[in-house]
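# Structural overview
One letter stands for each residue in the lines below.
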Amino acid sequence: MTSEITNYMHFALQQAFGAIGVSRPNPAVGAVVVKDGIVVGKGHTQCPGSAHAEVMALRDAGELARGASIFVTLEPCCHYGRTLPCTKAIIEAGIKKVYFAHSDPNPVVHGNSRAILEEAGIEVHEGVDACICACVEDCPNGESATECRVFEFRGLSPEDRALREGEGREVFHEVERFFEAYDYFVRTKRTFVEVKSAVSQDGFMGCADAHGMHLPLAITKPGANCWNHELRAMSDAVLVGAGTLLADNPSLNVRYADGNDPVKVIWAGHHEFTADEITHLVAFSSKNSKVLVYSCVAQPNLPDTLVLNHESFADNWREMILDLSTCGMHRLMVEPGAGLARELFKDVTGVPSQNADENAPPLWNRLDLWRSTDSVVDEKLDQLIEQGAVKYGLEYPELPAGLVAKESAVIGPDVLTVYYPQ
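Summary of the structure given here. (Residues numbered from 1 in each chain as written. Predicted model: local features only at pLDDT ≥ 70, side-chain atom pairs only at ≥ 80, totals over all residues. Heavy atoms only, no water.)

Scanning the chain from N- to C-terminus turns up 13 helices and 19 strands. For the chain, buried positions account for 50% of its 422 residues. Put simply, 72% of the contacts in the chain that link residues at least 6 apart link residues at least 24 apart. In the form shown here, the chain has an accessible surface area of approximately 19700 Å², with 49% of it arising from carbon and sulfur atoms. (Helix = DSSP H or I, 4+ residues; strand = E, 2+ residues; numbered from the N terminus. Buried < 20%, exposed > 50% of the residue type's maximum accessible area, 1.4 Å probe, protein only. Contact = heavy atoms within 4.5 Å. Areas by Shrake-Rupley, 256 points an atom, 1.4 Å probe, with all protein chains shown as cover.)

Read across the open sheet, the five strands follow the order β3-β2-β4-β5-β6; overall the sheet is mixed. Each end of this open sheet is capped by a strand with a single partner; those strands are β3 (38-44) and β6 (123-126). Neighbouring strand axes in the sheet, compared pairwise and without regard to direction, differ in orientation by 15 degrees on average. For strand β4 (residues 69-74) and strand β5 (residues 97-102), the ladder comprises five bridges, and the chain directions are parallel. (Pairing = 2+ DSSP bridges. Axes fitted to C-alpha atoms, helices over the stretch in contact; angles between N-to-C directions.)

M9, V33, I95, F178 and F273 are the most contacted members of the largest nonpolar core, which totals 78 residues. Counting residues per element, this core draws most heavily on helix α1 (residues 8-16), at five residues. Those residues in contact with V33 that lie beyond four places of it in its chain are I38, V39, V40, G41, A57, L58, A61, A65, A68, S69, I70 and I95. Ranked by size, the runner-up nonpolar core spans 36 residues in total, among them V334, A341, F345 and L367. (Core = buried A, V, L, I, M, F, W, Y, C linked by side-chain atoms within 4.5 Å.)

This paragraph deals with the packing of aromatic side chains. Counted according to the given criterion, the structure contains 12 aromatic pairs. Ring plane angle 5 degrees and centroid distance 4.4 Å describe the contact between F71 and Y99, whose orientation is recorded as stacked. In this pair, F71 sits in strand β4 while Y99 sits in strand β5, placing the two residues 28 residues apart along the sequence. Between F178 and F179, the aromatic rings sit 5.0 Å apart at their centres with planes inclined by 85 degrees, giving edge-to-face as the arrangement. Its relative accessible area of 8% is what places F178 among the buried residues. Counting every residue linked through ring pairs, the aromatic cluster contains F17, F178, F179 and Y182. When the ring centre of Y420 is taken as origin, the NZ or CZ atom of K406, which lies over that ring, is 4.9 Å away. (Phe/Tyr/Trp six-rings, centres within 6.5 Å; stacked < 30°, edge-to-face > 60°. Lys NZ or Arg CZ within 6 Å of the ring centre and 35° of its normal.)

This brings us to the pattern of salt bridges. A complete count under the given rule lists 16 salt bridges for this structure. As a salt-bridge pair, R366 and E194 come within 2.9 Å of each other at their nearest N and O atoms. Here R366, found in strand β16 (residues 366-372), pairs with E194, found in strand β8 (residues 192-199); they are 172 residues apart in sequence, far enough to count as distant. As far as the burial class goes, R366 and E194 line up, both buried. A salt bridge links E343 to K346; its shortest N-O distance comes to 3.2 Å. Residue classification places K346 among the exposed residues on the basis of a relative accessible area of 59%. One continuous salt-bridge network, built from bridges that share partners, spans R177, E180, E194, R331, R366, D368 and E407. (Salt bridge = Lys/Arg side-chain N within 4 Å of Asp/Glu carboxyl O.)

We now examine helix α2 (residues 53-61). All of the buried residues along α2 are A53, E54, V55, A57, L58 and A61. Of the surrounding secondary structure, the elements contacted by the buried residues of α2 are β2 (30-35), β3, β4 and α3 (86-93).

In this section: the sheet that holds strand β11 (residues 237-241). One open sheet holds the nine strands; their spatial order is β14-β13-β12-β11-β15-β8-β16-β19-β18, and the pairing between them is mixed. In the strand order of this sheet, the two ends are held by β14 (306-307) and β18 (404-411), each with one partner. Pairing between β11 and strand β12 (residues 263-269): five bridges, direction parallel. Bridged to V240 within β12 is I266. Sitting on the sheet, helix α8 (residues 222-233) touches β8, β15 (331-334), β16, β18 and β19 (414-420), and the angle it makes with β16 is about 165 degrees. Packing against the sheet, helix α11 (residues 313-326) makes contact with β8, β11, β12, β13 (291-295), β14 and β15, and its axis sits at approximately 160 degrees to β12.

Quick look at the side chain of N228 now. Here N228 is to be found in helix α8. Residue N228 is classed as buried on the basis of its relative accessible area of 7%. For N228, the contacting residues outside a window of four places in its chain are K196, T220, M333 and W370.

Of all six residues making up β4, six are buried, and the element is well covered by its neighbours. Pairing between β2 and β4: four bridges, direction antiparallel. In the sheet register, V34 faces β4, and the bridge partner there is S69. Once the chain exits β4 it traverses α3 before rejoining the sheet at β5, and the crossover so formed is right-handed. (Right-handed = clockwise from strand over helix to strand, strands pointing away.)

Turning to a negative patch on the surface, a few remarks are in order. Judged by side-chain charge, D202, E379, D382 and E386 come together as a negatively charged surface patch. Here D202 is to be found in the loop between β8 and β9 (204-208). (Patch = residues over 30% accessible without salt bridge, like charges linked within 9 Å, V, L, I, M, F, W, Y side chains within 5 Å. Lys, Arg positive; Asp, Glu negative; His and termini not counted. Charge placed at Lys NZ, Arg CZ, Asp CG, Glu CD.)

Turning next to the packing of α3 against helix α4 (residues 112-119). Across the interface, α3 lies against α4 with an axial gap of 10 Å and an inter-helix angle of 20 degrees. Accordingly, the angle class assigned to the pair α3 and α4 is roughly parallel. When you trace α3 past α4, the crossing you get is right-handed. Two secondary-structure elements touch here, α3 through T87, I90 and I91 and α4 through S113, I116 and L117. Broken down by class, the residue content of the contact of α3 with α4 amounts to four nonpolar, two polar and no charged. (Parallel < 35°, antiparallel > 145°, perpendicular 65-115°, else oblique. Left-handed = near helix turned anticlockwise from the far one by under 90°. Nonpolar A, V, L, I, M, F, W, Y, C, P; charged D, E, K, R; others polar.)

Laid out in structure tokens, this is it:
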């Protein structure tokens, strides 16, 4: 039976998802301890002041950690804070090799941990090299686990070398994506805003009835939907506008991926919720998910609302982001309706270009735009209009000039393009 490729760093990344919503403002980190081809310990970072991922994994491994390797998604900390340095715990546990995928941008840690570990006689691999080295060969049935091995490139054919390097580089890309928001948070002390939208082949994102009430339109297929739930799982919070809340009654939880539900955020804008509409908020809430409401007008029926008093949408939006940043949230996922999307895309900076402040932070940092190539979506919309069930389709707003498309992917009939402000 042929062997299959797996990756210990990918397993560590899976552990990191369990820390999202738990560890903030500290980064969400995962770690696994491996000895003789067997994962003997795993863990993720706990709440502030409690154990980091490395310590949790070492505790899980116990005495089996001596002489083992540890795979960590982020560079181990090496300074004294509310907890002891992870480098100290690694050294005292007798770890032989350390592999970490992402260098910590925190200047107190950046580059210092490797020197400390190597001085203690520990072999260290980092970045893409660590992810490639984390590739292992699952044993065929009947072989002992000790025969599984970390890949070594000596004597490999070019095909095998490319296969193993490709697997490791793919995991490295996933880790870099995971920590994109944390890196931004460390640099700017602000929450990273990631917008996710979907449009039909003809450019529609929804529809409206004869009264102008916005209605949902199913656009993407299961593959893209799973991707979207993975994004929710790696986000501290997920935001929708009042219109989307009332039209869709979305759950905004994580259903098709492993991870914790994000904090739910409502952008009320200038909509004042009536007493009857509060029922949507009650259904929107749950015991395990906090709901934050930001409004540009007073909400007498919602006493816990944060009212924003600036004249412009951009200034109110930035105040909300500042509040979320103060809460230690690294990533905000935004699923906008047509109205909110138009406001976000008025300009890359969010203010009229003639009055743009070059030093003002952008309203959003990344746009994940799904485009369906399935004509059935638009055909169904046409049928609904003919039947009188809906009045018209809601067109996706024109994207601002100056965006940079950096990534793309295809899942079934859905095409993803990732844009960044220039």
